[in-house]
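Working through the structure, step by step
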Amino acid sequence: MTDKVNFELVSPESLLVSEEVDMVIVPGTEGDFGILGGHAPVISTVRAGTITVYQGTAISTRIFVAGGFAEVTAERCTVLSEEAVPVDDIDRADVEAQISGLRRQLSAGDEDDEAALTAQIAVAEAKLTAIDSPAY
Amino acid sequence: MPSLKDLRTRITNVKSTQRITSAMKMVAAAKLRRAQDQATAARPYAERMERMLGSLAAATGGSSNVPLLAGTGKDDTHLLVFVSTDRGLCGGFNINLMRNVRLQVQKLVNDGKTVKLFCVGRKGISLVKREFPSMLVVEMPEVCKPSPSYEGATEIAQRIAEMYEEGEFDVCTVVYNKFVSALTQEVTPQQVIPFAPPEPEEGAEEEATPDDGAPYEYEPSQEDILSDLLPRNLSVQVFRALLESFASEQGARMTAMDNATRNAGDMINKLTLNYNRTRQAFITKELIEIISGAEAL
């Protein structure tokens with residue numbers, strides 16, 4: 001199949017990516033799914049993880065997203081995410097510092113923020129996994 | 001008649017004021033450019049989110065039990081969220097906003113509804129405190145400093161959502177200055193809770209099925225997605241209101257400062273004329289004195 005997918009990655013602050021690609025793999029809440037041209041229409045939530053973009057058979061970019069939504073039709077795949085960073089740009093030391101900082105806040109105990117902090121830690125840990133795990 | 005020295009000091013004062021206002025105008029113009037870019041950059045996200053929401057709302061056919069979409073079933077208590085500025089010197093910006101809020105409050109109160117006010121921005125807070133001190137429930141100064149961020153919008157949205165869950169209001173409307181051009185702003189009220197899809201009938205029908213006619217699959221269920229999507233949509237709407245308002249603020253400030261600079265220029269001209277006349281009058285008077293003194297000899 002020569003059909004390409006119009007892949008768009010949008011954050012509240014800007015349109016981050018908009019390009020014709022051969023395949024995208026999106027980390028859905030209920031499992032990763034790959035999108036080729038002519039995919040059945042789907043609306044799905046996205047968990048924190050890595051979006052992998054393929055040009056031809058090679059990976060062109062890997063982008064970390066902190067959750068969001070994906071809308072897929074036969075021609076396009078639109079991912080809405082509040083935070084998105086290319087995996088190569090993530091600095092391991094930064095994320096680790098962030099995690100330990102958050103842990104400290106969590107143990108300092110502010111019950112109102114507990115849920116928010118736990119969520120932030122989960123995202124940061126997903127970031128680490130994104131760096132470590134090899135592409136498919 | 002003011003003395004020459006007084007006039008001279010006044011001229012210098014006005015000149016330094018003019019320097020300040022023209023600098024502020026320049027700063028506002030630069031910020032306006034950035035604010036406009038930011039507003040444009042944020043548009044795709046809001047558009048796509050609206051598209052998804054439209055199709056979801058149409059698919060559930062309004063029968064959903066997600067409260068943010070369906071509402072509480074009453075409209076007794078209204079929450080007005082209005083976006084003012086943190087800093088002054090921007091012409092009629094906050095006054096116009098306040099006028100609209102006042103009208104709405106009066107209308108709602110006349111209809112026998114309870115009104116609560118949620119104020120964003122420092123200037124609005126002081127205005128409201130003077131007029132409706134009992135209605136002001138939340139104040140959030142300085143969320144747009146130095147410029148609106150999505151985090152700030154989320155903070156506001158979360159606050160609104162919490163209040164909604166606790167049943168503190170039934171209908172929420174955001175009032176903000178919409179950016180039309182650098183010269184004009186338009187006070188716009190927009191209802192955010194319950195969520196009103198943009199064009200409910202034909203538009204939604206069309207959106208519900210993607211281009212090739214097949215219906216969307218939902219993963220997980222529609223309800224789950226909706227309950228995740230709607231709070232975010234709230235943030236996005238608030239964010240958009242903040243951005244529009246911020247761009248408008250810069251536009252208004254630019255215009256106001258432009259006027260101020262021009263007025264200062266006029267004033268300097270008038271004062272200078274006055275100064276020169278007075279100076280000449282003094283010289284003439286002195287000459288007359290000398291001449292008449294010489295004649296008397």
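This text goes with the structure placed above it.
Quick look at the structure, then.

Cut-offs applied
- Residues numbered from 1 in each chain as written.
- Chains lettered and ligands numbered in written order.
- Predicted model: local features only at pLDDT ≥ 70, side-chain atom pairs only at ≥ 80, totals over all residues.
- Heavy atoms only, no water.
- 1 Å grid on protein atoms, 1.4 Å probe; cavity = no way out; pocket = protein on both sides within 12 Å on 5 of 7 lines; lining within 4 Å.
- Points joined across faces, edges and corners; volume = space filled by probe spheres on them.
- Helix = DSSP H or I, 4+ residues; strand = E, 2+ residues; numbered from the N terminus.
- Nonpolar A, V, L, I, M, F, W, Y, C, P; charged D, E, K, R; others polar.
- Contact = heavy atoms within 4.5 Å.
- Buried area = accessible area lost by both parts, 1.4 Å probe.
- Salt bridge = Lys/Arg side-chain N within 4 Å of Asp/Glu carboxyl O.
- Polar contact = N/O pair within 3.5 Å; in protein donor to acceptor, adjacent residues only side chain to side chain.

Some points on the layout of surface pockets
- Within this model, the largest pocket holds a volume of roughly 1,600 Å³.
- If you go around the largest pocket, you meet 40 residues; those closest to its centre are Glu-82, Ala-116 and Gln-120 of chain A together with Thr-154 and Gln-158 of chain B.
- Elements that contribute at least two residues to the lining of the largest pocket include exactly strand E5 (42-55), strand E6 (58-72) and helix H2 (114-132) of chain A together with helix H2 (67-70), helix H5 (150-165) and helix H7 (222-296) of chain B.
- A total of 10 residues in the lining of the largest pocket trace back to one element, the largest contributor, which is H5 of chain B.
- Taken together, the residues that form the lining of the largest pocket break down as 18 nonpolar, nine polar and 13 charged.

Describing the interface of chain B and chain A
- At the interface, 27 residues of chain B touch 30 residues of chain A.
- Summed over both sides, the interface of chain B with chain A buries roughly 2,600 Å², with 60% coming from carbon and sulfur.
- Of all residues in chain B, Tyr-45, Met-52 and Glu-219 of chain B give up the largest surface area on contact with chain A, accounting jointly for 27% of the area buried on that side.
- Summed over the shared surface of chain B and chain A, the number is three salt bridges.
- Here Arg-51 of chain B makes a salt bridge to Glu-71 of chain A, at a shortest N to O gap of 2.8 Å.
- Put simply, chain B and chain A have 10 residue pairs in polar contact (both at pLDDT 80 or more) between them.
- Among the elements of the structure, helix H1 (4-60), strand E6 (217-219) and H7 of chain B are those that each provide at least two residues to the side of chain B that touches chain A.
- Per element, the largest residue contribution to the side of chain B that touches chain A is 10 residues, and it comes from H1 of chain B.
- Looking at the side of chain B that touches chain A, its residues break down into 17 nonpolar, two polar and eight charged.

Keep in mind that these numbers describe shape and distance, not what the molecule does.
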